[in-house]
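Structural overview for review
Each chain, written out:
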Amino acid sequence: MRRTLSGRAIRGLGALTVAFTLAGTVAAAPASAAPGPNLKITAVAAEGRWLRGDTIPIDLQVTNTGDAPATGVRAQGSTQSGPYYAYDSNSLGDLRFDGPGASFQPGESRTYRLTGKVWTTEAGNPLVRISVQAAADTDLSDNTVDVLVALVPLDTTERVAGQVYGDANGDGVAGPGEGFAGLTVRVESFDLPNELVTVTGPDGRFSFDAVPVGPQRGLRIQHGPDGWYLPTYQVLRLDGGDGNLAVNIRGVRPLTESLQASIALDKTTYTIGETATATVTLTNKGTRPLSGLYATCDDPLGFGTNLKIPQEQWGAFGSSRTGALAVGESKVFTFSSKVPDNAIDFGRTFLECEFSGTTELAGPRPSAEGKVPGKRGDVRGQVWVDRNENGTLDPGEGLAGTAVSLYTYSADEQLVSLAQTDANGFATFVDVAVGEYTLRPAAPWRAAGDPAVHHYAAPHNAEWKIKVISG
Ligand SMILES: [Ca+2]
Ligand SMILES: [Ca+2]
Ligand SMILES: [Ca+2]
């Protein structure tokens, strides 16, 4: 049995959110059912405001209404009319047409969620025919179902409205006087015929009456007043519903303005394996209570040199992200942590933490370090001059026969080692403790950029290359 969808039925669909199973859901049982397996299928597209590019599910139920097991059960779908619905055959699971097929006992019923997408911009709605088959099905009239996938019509538009504001009192909502007036707001998308532009009113509000639907419409906001962190771009989904009538763009002051954070270590020098004690102090120096605060202590360079603080030791400031500080309140944390083995290869250990908030931006990132002395070695590198001014080190650009000095990387810059470059500009400082240094060539030369020499033990060591200029 085959049924087709009439034009009148399509026009009568009306509401977009409704999808229909149009045929085959109820098949009259034969007057005298023959013995054997008899599969029956029903299917319906999930409700939703579906756009091109969305993953659109179709739920199908397969039942063996016969009196014998059904074997070799497979399903497939095809688009009968309208834009092509490309489905993922893996989503059919054991019903996959290219698989061995599933089995259904008499009376057994299972549901499957087929997923697919419509990419084409052809108008209309896909009519998808889904059929199941089994060996020796006694009645084929109920093995096929046509499903209409109702898409949001391409010419649909939607109102987009919102408010841009600076949340001065930190309560998460736009209060009186917090709106940012006079900011340009744009809706951008590669497939829009022209960019839509407006300007926020005195209370920071903006609106666009009719923006064409699309899964990703960019909303771009002009930068806010100085000192405010304002999200200047966000992606909106426009599906013709009313989901974008209150697009609130919240600006915040940087958390560094209110949260003061410091880290101190109990010693300046550690031996490997020793336990270091760190004291972390947080103070709310601002004019409003802070909440949703949390700490993240990491090892940004990935060298394994940093002290590890288990997240649970932060209490509310840990993974629950519920740390709070009243105005003027301080909290002091004390942690003990073993100096990691890797620290000796770099000559230092660190504790670096970033403090942030669930509704805050740009928090403080304090750090502290301790020396972990012991390893020494030669450190080799090259001094070069960009003679052809092409920005790269070319053959013959090493600076030959020049004295170079290595100084400590510290305010008092103490001389550590001296060396002389060879014919190709290479120099080796012999038996130097691992650590951070500054290189200074003899006059008239000076470093053109960063004069840092990072001297690490193997296997972390690397040759330095420092470009110099005259004068
Ligand atoms: Ca059947
Ligand atoms: Ca507010
Ligand atoms: Ca060059």
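Analysis parameters
Residues numbered from 1 in each chain as written. Chains lettered and ligands numbered in written order. Predicted model: local features only at pLDDT ≥ 70, side-chain atom pairs only at ≥ 80, totals over all residues. Heavy atoms only, no water. UniProt positions renumbered as here; feature names shortened; annotations may be inferred. Helix = DSSP H or I, 4+ residues; strand = E, 2+ residues; numbered from the N terminus. Donors = N, O, S within 2.8 Å, 3.2 Å for Na, K, Ca; no water. Tetrahedral: all angles 85-135°; square planar, octahedral: opposite > 155°, others 65-115°. Buried < 20%, exposed > 50% of the residue type's maximum accessible area, 1.4 Å probe, protein only. Disulfide = S-S within 2.5 Å. Pairing = 2+ DSSP bridges. Axes fitted to C-alpha atoms, helices over the stretch in contact; angles between N-to-C directions. Salt bridge = Lys/Arg side-chain N within 4 Å of Asp/Glu carboxyl O. Core = buried A, V, L, I, M, F, W, Y, C linked by side-chain atoms within 4.5 Å.

- You'll find the protein entered in an unreviewed UniProt entry as SD-repeat containing protein B domain-containing protein, with Amycolatopsis alba DSM 44262 given as the organism.
- Word for word, the UniProt comment on the protein under Subcellular location (unreviewed entry) is "Secreted".

1. Here we look at the UniProt feature "domain: DUF11" (unreviewed entry) in the protein
- As recorded in UniProt, the feature "domain: DUF11" (unreviewed entry) lies at residues 39-147.
- Helix makes up 0% of residues 39-147 and strand 50%. Its end C-alpha atoms lie 18 Å apart.

2. Here we look at the coordination of the calcium ion (ligand 2)
- Donor atoms from the polypeptide that coordinate the calcium ion (ligand 2) comprise Asp167 (OD), Asn169 (OD1), Asp171 (OD), Val173 (O), Glu178 (OE) and Glu178 (OE), at 2.2 to 2.8 Å from the metal.
- Geometry at the calcium ion (ligand 2) is irregular, judged from its six donor atoms and the angles of 50 to 160° they form at the metal.
- Coordination of the calcium ion (ligand 2) draws on donor residues from a single chain, spaced D-x1-N-x1-D-x1-V-x4-E in sequence.
- Residue classification places Asp167 among the buried residues on the basis of a relative accessible area of 3%.

3. Description of the state of the cysteines
- The full count for this structure, using the stated rule, is one disulfide.
- Covalently, Cys297 is tied to Cys353 through a disulfide, its sulfur atoms 2.2 Å apart. What sets the handedness of the Cys297 and Cys353 disulfide is the S-S torsion sign, and at about 100° it is right-handed. Placement of Cys297 in strand β19 (residues 290-298) and of Cys353 in strand β22 (residues 348-357) is noted, with a sequence separation of 56 residues between them.
- Here Cys297 falls in the partly exposed class, since its relative accessible area comes to 23%.
- By relative accessible area, Cys353 is classed as buried at 0%.

4. Some remarks on the sheet that holds strand β11 (residues 184-188)
- The four strands lie next to each other as β12-β11-β14-β15, forming an open sheet whose pairing is antiparallel. One side of each edge strand has no neighbouring strand; the edge strands of this open sheet are β12 (196-199) and β15 (233-238). Averaged over all adjacent pairs, the angle separating strand axes in this sheet is 25°, with direction ignored.
- The pairing of β11 with strand β14 (residues 214-221) spans four bridges and is antiparallel. If you follow Glu188 over to β14, its bridge partner there is Gly218.

5. Brief notes about the pattern of salt bridges
- In total, this model carries 27 salt bridges according to the counting rule given.
- For Arg186, the salt bridge is made with Glu195, and the minimal N-O distance between the two is 3.0 Å.
- A relative accessible area of 42% means that Glu195 is categorised as partly exposed.
- Salt-bridge contacts for Arg380 lead to Glu463; the nearest nitrogen and oxygen are separated by 2.5 Å. Of this pair, Arg380 sits in strand β24 (residues 376-384) while Glu463 sits in the loop between β30 (452-455) and β31 (464-470), and the two are 83 residues apart along the sequence.

6. Re the environment of Asp242
- As for its placement among the helices and strands, Asp242 is situated in the loop between β15 and β16 (247-251).
- With 82 residues separating them along the chain, Asp242 and Val160 place their C-alpha atoms 8.4 Å apart.

7. Quick look at the sheet that holds β16
- Taken together, three strands build an open sheet; the order of strands is β13-β10-β16 and the sheet is mixed. At either margin of the open sheet sits one strand with a lone partner, and together these are β13 (205-212) and β16. For this sheet, the mean inter-axis angle between neighbouring strands, taken without regard to orientation, is 20°.
- Relative to β13, strand β10 (residues 157-166) runs antiparallel, the two being bridged by six bridges. The partner of Thr157 across the bridge, within β13, is Pro212.

8. Quick notes on the nonpolar core
- The biggest cluster of nonpolar side chains holds 29 residues, and the ones touching the most others in it are Ile58, Leu60, Leu95, Phe104 and Ile130.
- Taken together, the elements giving at least two residues each to this core come down to β2 (39-45), β3 (56-64), β4 (70-81), β6 (102-104), β7 (109-118), β8 (127-133) and β9 (144-148).
- Counting residues in each nonpolar core, the second largest holds 28 residues, with Leu255, Leu325, Phe333 and Ala343 among its members.

9. Considering the pairing of β3
- Extensive coverage of β3 is indicated by the burial of seven of its nine residues.
- Here eight bridges tie β3 to β7, and the two strands are oriented antiparallel to one another. If you follow Ile58 over to β7, its bridge partner there is Leu114.

10. A word on the pairing of β14
- Both β14 and β15 contribute to a ladder of five bridges, which runs antiparallel. Each bridged residue has a counterpart across the sheet, and for Gly218 the counterpart in β15 is Val235.

11. Things to note about unusual backbone geometry
- Cis geometry is adopted by the peptide bond preceding Pro444, which originates at Ala443 and carries an omega value of 10°.
- The linkage connecting Ala458 with the following residue, Pro459, adopts the cis geometry, with an omega of 5°.
- Mapping Pro459 onto the fold places it in the loop between β30 and β31.
- Positive phi is not limited to glycine here, since Ala136 has a value of about 60°.
- With respect to the helices and strands, Ala136 occurs in the loop between β8 and β9.
- Given the relative accessible area of 59%, Ala136 is considered exposed.
- For Ala362, which is not glycine, the phi dihedral falls at a positive 55°.
- With respect to the helices and strands, Ala362 occurs in the loop between β22 and β23 (367-371).

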